[in-house]
There are 2 protein chains.
Amino acid sequence: MYNVKIYVTLKKSVLDPQGDAVNEAANSMGYTGVSDVRIGKYMELQVEKTDASVHDMLDELCDKLLTNPVMEDYRYEIEEA
Amino acid sequence: MYNVKIYVTLKKSVLDPQGDAVNEAANSMGYTGVSDVRIGKYMELQVEKTDASVHDMLDELCDKLLTNPVMEDYRYEIEEA
């Protein structure tokens, strides 16, 4: 079994209105030192061990289901459990 | 300036229907080894250095704005830039 952590972020060139909203909210609450907020997704999942490469499988899963490759980047960490 | 990465996860005891939906989608696409999908949030932001503790400030910001402390846990990484 592998424990997998996947981090999905918007590409640098893509505007992040959700991040801007959080940024403004933080500033208006008095946290004026906060800037450049970007919001992404974080996923944890388990993958059974097979003969196939877990990296290939995860790349495919991220490209097809978990992310929008046009707008988002991803990276993942794999930990054997 | 600090670069901060914040990871927000649902508490273990809280059901995650979004994770279940992704799990079922992955399984029905043929990735049958995938299980226990949990979906959280990932945030990147920058914080200006001040005399006050950046840890205290981030704890407060997370508790008041970025997370729902009843349902979610968070952790963060701080990197000096």
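These remarks concern the structure in this document.

Thresholds, definitions, all that
Residues numbered from 1 in each chain as written. Chains lettered and ligands numbered in written order. Predicted model: local features only at pLDDT ≥ 70, side-chain atom pairs only at ≥ 80, totals over all residues. Heavy atoms only, no water. Helix = DSSP H or I, 4+ residues; strand = E, 2+ residues; numbered from the N terminus. Rg over C-alpha atoms; globule rule 2.2 N^0.38 Å. Contact = heavy atoms within 4.5 Å. Areas by Shrake-Rupley, 256 points an atom, 1.4 Å probe, with all protein chains shown as cover. Lys, Arg positive; Asp, Glu negative; His and termini not counted. Charge placed at Lys NZ, Arg CZ, Asp CG, Glu CD. Least-squares fit on C-alpha atoms with pLDDT ≥ 70 in both. Axes fitted to C-alpha atoms, helices over the stretch in contact; angles between N-to-C directions. Left-handed = near helix turned anticlockwise from the far one by under 90°. Buried area = accessible area lost by both parts, 1.4 Å probe. Polar contact = N/O pair within 3.5 Å; in protein donor to acceptor, adjacent residues only side chain to side chain. Nonpolar A, V, L, I, M, F, W, Y, C, P; charged D, E, K, R; others polar. Pairing = 2+ DSSP bridges. Salt bridge = Lys/Arg side-chain N within 4 Å of Asp/Glu carboxyl O. Buried < 20%, exposed > 50% of the residue type's maximum accessible area, 1.4 Å probe, protein only. Expected span 1.5 Å × (residues − 1). Arc of directions from axis to C-beta.

### Overview of the overall build of chain A
Part 1 of the reasoning: Tallying secondary structure elements over chain A gives two helices and three strands in all.
Part 2 of the reasoning: The order of α-helices and β-strands along chain A, N terminus first, is β-α-β-α-β.
Part 3 of the reasoning: What you see for chain A is a C-alpha radius of gyration of 16 Å, clearly larger than the 12 Å of a compact globule of 81 residues, by over 25%.
Part 4 of the reasoning: Projecting the C-alpha coordinates of chain A onto the three principal axes gives extents of approximately 55 × 30 × 15 Å.
Part 5 of the reasoning: In chain A, the share of contacts with a sequence separation of at least 24, taken over all contacts with a separation of at least 6, comes to 70%.
Part 6 of the reasoning: Accessible surface, chain A as shown: approximately 4,600 Å² in total, 50% of it carbon and sulfur.
Part 7 of the reasoning: Across chain A, the centroid of the 8 positively charged side chains sits 2 Å from that of the 16 negatively charged ones.

### Topic: the relation of the copies chain A and chain B
The operation relating the pair of chain copies consists of a rotation about an axis and a translation along that axis.
Part 1 of the reasoning: Once chain A is rotated about the relating axis by 180° and shifted along it by 0.0 Å, it coincides with chain B to within an RMSD of 0.0 Å. The relationship between the two copies is best expressed as a two-fold rotation axis. Ranked by how close their C-alpha atoms come to the rotation axis, the residues of chain A are headed by Lys41(A), at 2.2 Å.
Part 2 of the reasoning: Both copies present the same face, since 100% of the interface residues in chain A are matched by interface residues at the equivalent positions in chain B.

### Considerations on the packing of helix 2 (residues 54-66) of chain A against helix 1 (residues 17-28) of chain B
Part 1 of the reasoning: One can describe the packing of helix 2 of chain A onto helix 1 of chain B by two numbers: an axis separation of 11 Å at closest approach and a directional angle of 115°. Judged by the twist between their axes, the crossing of helix 2 of chain A over helix 1 of chain B is right-handed. Facing Leu61(A), Leu65(A) and Leu66(A) of helix 2 of chain A, the residues of helix 1 of chain B in contact are Val22(B), Ala25(B) and Ala26(B).

### Looking at the interface of chain A and chain B
Part 1 of the reasoning: Facing the 33 residues of chain A at the interface are 33 residues of chain B.
Part 2 of the reasoning: When the two sides are added together, the surface that chain A and chain B hide from each other amounts to roughly 2,800 Å², 63% of it contributed by carbon and sulfur.
Part 3 of the reasoning: Taken together, the connections running from chain A to chain B amount to 12 residue pairs in polar contact (both at pLDDT 80 or more).
Part 4 of the reasoning: At the level of elements, strand 1 (2-10), helix 1 (17-28), strand 2 (34-47) and helix 2 of chain A are the ones that each hand at least two residues to the side of chain A that touches chain B.
Part 5 of the reasoning: Considered class by class, the residues forming the side of chain A that touches chain B number 19 nonpolar, five polar and nine charged.
Part 6 of the reasoning: Here 11 bridges tie strand 2 of chain A to strand 2 (residues 34-47) of chain B, and the two strands are oriented antiparallel to one another. Bridging across to strand 2 of chain B, Ile39(A) finds its partner in Met43(B).

### Observations regarding the pairing of strand 2 of chain A
Part 1 of the reasoning: Pairing of strand 1 of chain A with strand 2 of chain A, which is carried by seven bridges, proceeds in the antiparallel orientation. Paired with Tyr7(A) across the two strands is Tyr42(A), which belongs to strand 2 of chain A.

### A closer look at the pattern of salt bridges
All names here are of chain B.
Part 1 of the reasoning: Considering all chains together, one arrives at 10 salt bridges over all chains under this definition.
Part 2 of the reasoning: Its salt-bridge partner being Arg-75, residue Glu-77 comes within 4.0 Å of it at the nearest N-O pair.
Part 3 of the reasoning: Take Glu-77: its relative accessible area is 38%, and that puts it in the partly exposed class.
Part 4 of the reasoning: By relative accessible area, Arg-75 is classed as partly exposed at 36%.

### Points about helix 2 (residues 54-66) of chain B
Turn by turn, an α-helix covers 3.6 residues, leaving residues three or four places apart pointing in a common direction.
Part 1 of the reasoning: Helix length check: helix 2 of chain B, at 13 residues, gives a terminal C-alpha distance of 15 Å against a target of 18 Å (1.5 Å per residue), a shortfall beyond 12%.
Part 2 of the reasoning: Along helix 2 of chain B, the positions that sit buried rather than exposed are Val54(B), Met57(B), Leu58(B), Leu61(B), Cys62(B) and Leu66(B). Down the axis, helix 2 of chain B shows its buried residues gathered within 130° of arc, on one side only. Projecting away from the buried face of helix 2 of chain B at angles above 90 degrees are the exposed residues Asp56(B) and Lys64(B).
Part 3 of the reasoning: Packed against the buried residues of helix 2 of chain B are helix 1 and strand 2 of chain A together with strand 1 (2-10), strand 2 and strand 3 (72-80) of chain B.

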